[in-house]
Amino acid sequence: MSKRVSLTQYLVEQQREHDNIPAQLRLLIEVVARACKRIAIAVNKGALGEVLGSAGSENVQGEVQKKLDIISNEVLIEANEWGGHLAAMASEEMDEIHIIPNRYPQGEFLLLFDPLDGSSNIDVNVSIGTIFSVLKKPTNHEGVSEADFLQPGNQQVAAGYCVYGPQTTLVLTVGAGVVMFTLDRELGGWFLVEQDVQIPADTKEFAINMSNMRHWAPPVKRYIDECLAGTTGARGKDFNMRWIASMVADVHRILSRGGIFMYPWDAREPSKPGKLRLMYEANPMAFLVEQAGGAATNGQQRILDIQPTKLHERVSVILGSKNEVERVTAYHEKAG
Ligand code: AHM
Ligand code: MG
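Residues numbered from 1 in each chain as written. Chains lettered and ligands numbered in written order. Predicted model: local features only at pLDDT ≥ 70, side-chain atom pairs only at ≥ 80, totals over all residues.

As annotated in an unreviewed UniProt entry, the protein chain carries the name Fructose-1,6-bisphosphatase class 1 and comes from Azohydromonas caseinilytica. The heading Subunit (unreviewed entry) in the UniProt record of the protein chain holds the text "Homotetramer." The heading Subcellular location (unreviewed entry) in the UniProt record of the protein chain holds the text "Cytoplasm". (UniProt positions renumbered as here; feature names shortened; annotations may be inferred.)

In structure tokens, the structure reads:
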């Protein structure tokens, strides 16, 4: 068997060779990975651990919280609170930011997460995941507030996700490409399985919730209509469709074999830019996708260049294989 590279070894070697992972950031990534391991164990036990079903509460966006949403949120907070690497955390499941309590030292980073993405799949044993994003706290003032989090995605120093599927896999970028680690449950460690992940520029596979078609804007409708037209249509080729309804799992497929993922604006809620959250979902995924040679826009601009105005901001998302994302974005430009 060839020699395995653990997450720790990978991070230490990156720090040594490229100096792109400061010690605090390395610690932070390791703590997030440890928390994901604990979440994976809870997810895996399912009904036997009495973790399935609704918690009977709602989050800030008015969505019903599942027990596992809350457990995962608590695991991430508990794991990250005491390490000294963070100033504050923000989560899709919490109304306000969580400032590191005074009893622990404050670090220089800010951590944002969607503790358990793909909530509708939790109870039906389909892949779900944890998404995270790391920013640096601005250094021009004391203390920390929500405003410190409102940085565009191009300021992320690290981002990643962990997919709880047939395998538990951690996917990471620190701005120097994308790497994947799979959890060895017997050993309890993460081991490198993929280095320099690349998304092919072209694809024949799209992921979108087709049941919303009648609500889409014309550019999105045009793109999908052309895909559906197959070999005799404008694209001259047949397309395949996949929709897991867990962004983590859909993006994981795209990082593994290419494709385009869209959760666009739709007319049901015209004042909302989209369903997905900029800070917890779109930004970390856009960072990963760009680092793997793909592209990510909201139809008008690069997702990573959007200046957030609030923590729980929503956004329209088009990401994946570069040429396809550019095509959909161009259709938006033409539509004005
Ligand atoms: P969540 O964070 O509450 O789980 O919602 C986000 C999820 C994404 O993972 C997925 O792409 C989308 O919602 C699925 O939406 P739909 O059920 O409309 O297909
Ligand atoms: Mg989510």
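Engineer: Which parts of the structure should I look at to understand the site of ligand 1?
Structural biologist: Neighbouring residues of ligand 1: Glu63, Glu92, Asp114, Asp117, Gly118, Ser119, Ser120, Asn209, Ala245, Ser246, Met247 and Tyr263. Looking at which domains feed residues into the shell around ligand 1, each of domain 1 (7-194) and domain 2 (205-335) supplies at least three. (Near = placed C-beta within 6 Å. Domains from an automatic or database assignment.)

Engineer: Before we go on, may I ask you to explain the UniProt feature "binding site: substrate" (unreviewed entry) in the protein chain in this structure?
Structural biologist: Annotation from UniProt places "binding site: substrate" (unreviewed entry) at Asp117, Gly118, Ser119, Ser120, Asn209 and Lys275. Following the sequence through the fold, Gly118 ends up in the loop between strand E5 (109-117) and strand E6 (128-136). By C-beta crowding, Gly118 is classed as buried, having 21 other C-beta atoms within 10 Å. Setting aside residues up to four positions removed in sequence, Gly118 forms contacts with Ser127, Ile128, Gly129, Ala245, Ser246, Met247, Val248 and Ala249. Examined against the element boundaries, Ser119 turns out to sit in the loop between E5 and E6. Ser119 sits in the buried class, given 21 other C-beta atoms within 10 Å. (Helix = DSSP H or I, 4+ residues; strand = E, 2+ residues; numbered from the N terminus. Buried ≥ 20, exposed ≤ 12 C-beta atoms within 10 Å, placed from the backbone. Contact = placed C-beta atoms within 7 Å.)

Engineer: Quick question: what am I supposed to make of helix H6 (residues 278-291) here?
Structural biologist: Of all 14 residues in H6, 14 are buried, a share of seventy percent or more. Positive backbone phi, at 90°, marks Gly293, one or two positions downstream of H6.

Engineer: Sorry if this is basic, but what is going on with the domain arrangement of the protein chain here?
Structural biologist: Often the size quoted for an interface is simply the accessible area lost on bringing the parts together. Under the domain assignment used here, the protein chain contains domain 1 (7-194) and domain 2 (205-335). Using only C-alpha atoms to locate each centre, domain 1 and domain 2 end up separated by 24 Å. Listed as interface residues are 35 residues of domain 1 and, on the opposing side, 29 residues of domain 2. Tallied by class, the residues present in the side of domain 1 that touches domain 2 amount to 16 nonpolar, 15 polar and 4 charged. (Nonpolar A, V, L, I, M, F, W, Y, C, P; charged D, E, K, R; others polar.)

Engineer: Could you clarify how one ought to interpret unusual backbone geometry in this entry?
Structural biologist: Peptide bonds are trans in most cases, and residues, glycine excluded, mostly fall at negative phi. Of note, Asp19 is a non-glycine position whose phi angle comes to about 55°, a positive value. With respect to the helices and strands, the residue Asp19 is situated in the loop between helix H1 (7-18) and helix H2 (23-45). When the 8 C-beta atoms within 10 Å are taken as the criterion, Asp19 is described as exposed. For Asn125, which is not glycine, the phi dihedral falls at a positive 60°. Accessibility expressed as a C-beta count within 10 Å gives 11 for Asn125, which makes it exposed.

Engineer: Teacher, can you tell me more about the sheet that holds strand E10 (residues 189-194) here?
Structural biologist: Sheets are built from strands paired through backbone hydrogen bonds, the pairs being either parallel or antiparallel. Strand order across the open sheet formed by 8 strands is E4-E3-E5-E6-E7-E8-E9-E10, with mixed pairing between neighbours. The open sheet has two edge strands, strand E4 (98-99) and E10, and neither has a second partner. Sitting on the sheet, H2 is in contact with strand E3 (86-91), E5, E6, strand E7 (158-164), strand E8 (168-173), strand E9 (178-184) and E10, with an inclination near 165° to E6. (Pairing = 2+ DSSP bridges. Axes fitted to C-alpha atoms, helices over the stretch in contact; angles between N-to-C directions.)

Engineer: Mind showing me how you'd approach the sheet that holds strand E12 (residues 240-241) here?
Structural biologist: Spatially, 5 strands are ordered E12-E11-E13-E17-E15 in an open sheet, and the strand pairing comes out mixed. Strand pairing shows two members of the sheet lacking a second neighbour, E12 and strand E15 (295-297), which therefore form its edges. Relative to strand E17 (residues 317-320), strand E13 (residues 260-263) runs antiparallel, the two sharing 4 bridges. Residue pairing in the sheet places Tyr263 in a bridge with Val317 of E17. Set on the sheet, H6 makes contact with E15 and E17; between it and E15 the angle comes to about 150°.

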